[in-house]
Amino acid sequence: MSRPSPLPTALPVPARTLRSVDDLAAAGLLADRADFDAVAERYAVAVTPTLTGLIDPADPADPIARQFVPDARELDTRPEERVDPIGDEAHSPVPGIVHRYPDRVLLKLVGVCAVYCRFCFRREMVGPGAETSLSEEALEVALTYIAGHPEIWEVVVTGGDPLVVAPRRLADLMARLSAIPHVKIVRFHTRVPVAAPERVTPALVAALRAPGVTTFVAVHANHAREIADEARAAIGRLGDAGIALVSQSVLLAGVNDDAETLSELFRALVECRVKPYYLHHPDLAPGTAHFRLPIARGQELMRALRGRLSGLALPTYVLDIPGGYGKVPVGPDYLEAAPEGWRVTDYCGGVHAYETAA
């Protein structure tokens, strides 16, 4: 398997997660403190020891630091940005549940994460100031809702990050979900395998499985450097247990907005038995304009990857329509109607006629 190149310089790995501007400054991650206190007061901060150790302090544009270290530009809120950019609230019939699509629901189990991404679309709703987890009463109401809707085939457990929850509680949740006859798939969305791989213990892995349901884990990673040896081992523990693995990534300016970086990321994931699932266009979350790039640029990158990267390693490029209208694919189009049938563009840019009587 290919591995990311070792860093020419590296920060000392701290003994604990960095959770304040003082912590970040002491670790050498802030050039100065201007505006950072205001950013940290508004949005949660956490950089795990694992991620701190991946940052190159000699690179002012380091793609790992850019994702997790606060930036004064987060205080710049644009008119088009929204507190709830993908419209979760509009589709929440009971606390903790988002029922946007007919056959699946989100179950927002917890409001905290191991690490806080600076581009998070739920950044106004997660963090130490948020309700840390669903109460037992609220969870019972959520599970009753799922049980009462036989069209629900899949439950997507999210938050926050559900894998920060104790294995005992996760095992209890899985047992309760597996007791609902129409629930067949349970999917966990998480950063933990790359941000805090030591948390992927045998007890946690066992807790994610239950008779009668198939478990998927969707690993969030945006740069190949995140798929370090410890992350590969943690992902391997999940795969070895028979848990199906997919990934979600966000297309981010200054992090992964070139074809080579995306190729390295997607290949690294496939080497770990993780199928790249979605490449998200950045959402209109407050204070994240510096991460966004035009959709046309994302289409150019997907076109550059097509044919040059195995189909196993190609995710679907998607946009979450603001307001709660769901995800749609926004990748490049290779097909154009023509009088004689169709014009088809190949991955090298050549255009070909495809004639059909139908």
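These figures come from a predicted structure and were not determined experimentally.

### Comments concerning the packing of aromatic side chains
- This model, assessed by the stated rule, comprises 2 aromatic pairs.
- Residues Phe119 and Phe291 carry aromatic rings whose centres are separated by 5.6 Å and whose planes lie at 75° to one another, so their mutual orientation is edge-to-face. Here Phe291 lies in the loop between β7 (275-280) and α11 (295-305) and Phe119 lies in the loop between β2 (104-108) and α5 (136-147), a separation of 172 residues in the sequence. Across this residue pair, the class does not change: Phe119 and Phe291 are buried.
- Above the face of the Tyr43 ring, Arg123 is positioned so that its terminal group lies 3.6 Å from the ring centre.
- The ring centre of Tyr334 lies 4.9 Å from the NZ or CZ of Arg303, which sits over that ring.

### Remarks on the nonpolar core
- If you look at the biggest cluster of nonpolar residues, it comprises 73 residues, and the most contacted ones within it are Ile146, Val155, Leu170, Phe188, Leu208 and Phe266.
- When residues in this core are grouped by element, the largest group, 6 residues, is from α5.
- Apart from residues lying up to four places away in sequence, Ile146 is in contact with Ile97, Val105, Ile152, Val155, Leu177, Ile180, His182 and Val183.

### Brief notes about the sheet that holds strand β12 (residues 351-355)
- As summarised here, the arrangement of the 3 strands in space is β10-β11-β12, forming an open sheet in which the pairing is antiparallel. Strands with a single pairing partner mark the edges of an open sheet, and in this sheet they are β10 (335-338) and β12. Averaged over neighbouring strand pairs, the angle between their axes works out to 30° when direction is ignored.
- Note that strand β11 (residues 341-345) and β12 share 5 bridges and pair antiparallel. Within the sheet, the bridge partner assigned to Gly341 lies in β12 and is Glu355.

### What about α5?
- Counted at 1.5 Å a residue, the expected span for α5 with its 12 residues is 16 Å, and the 16 Å between its end C-alpha atoms agrees.
- Where α5 is buried, its residues contact β1 (97-101), β2, β3 (154-158) and α6 (167-178).

What counts as what
- Residues numbered from 1 in each chain as written.
- Predicted model: local features only at pLDDT ≥ 70, side-chain atom pairs only at ≥ 80, totals over all residues.
- Heavy atoms only, no water.
- Phe/Tyr/Trp six-rings, centres within 6.5 Å; stacked < 30°, edge-to-face > 60°.
- Helix = DSSP H or I, 4+ residues; strand = E, 2+ residues; numbered from the N terminus.
- Buried < 20%, exposed > 50% of the residue type's maximum accessible area, 1.4 Å probe, protein only.
- Lys NZ or Arg CZ within 6 Å of the ring centre and 35° of its normal.
- Core = buried A, V, L, I, M, F, W, Y, C linked by side-chain atoms within 4.5 Å.
- Contact = heavy atoms within 4.5 Å.
- Pairing = 2+ DSSP bridges.
- Axes fitted to C-alpha atoms, helices over the stretch in contact; angles between N-to-C directions.
- Expected span 1.5 Å × (residues − 1).

So yeah, pure geometry; function would need other evidence.
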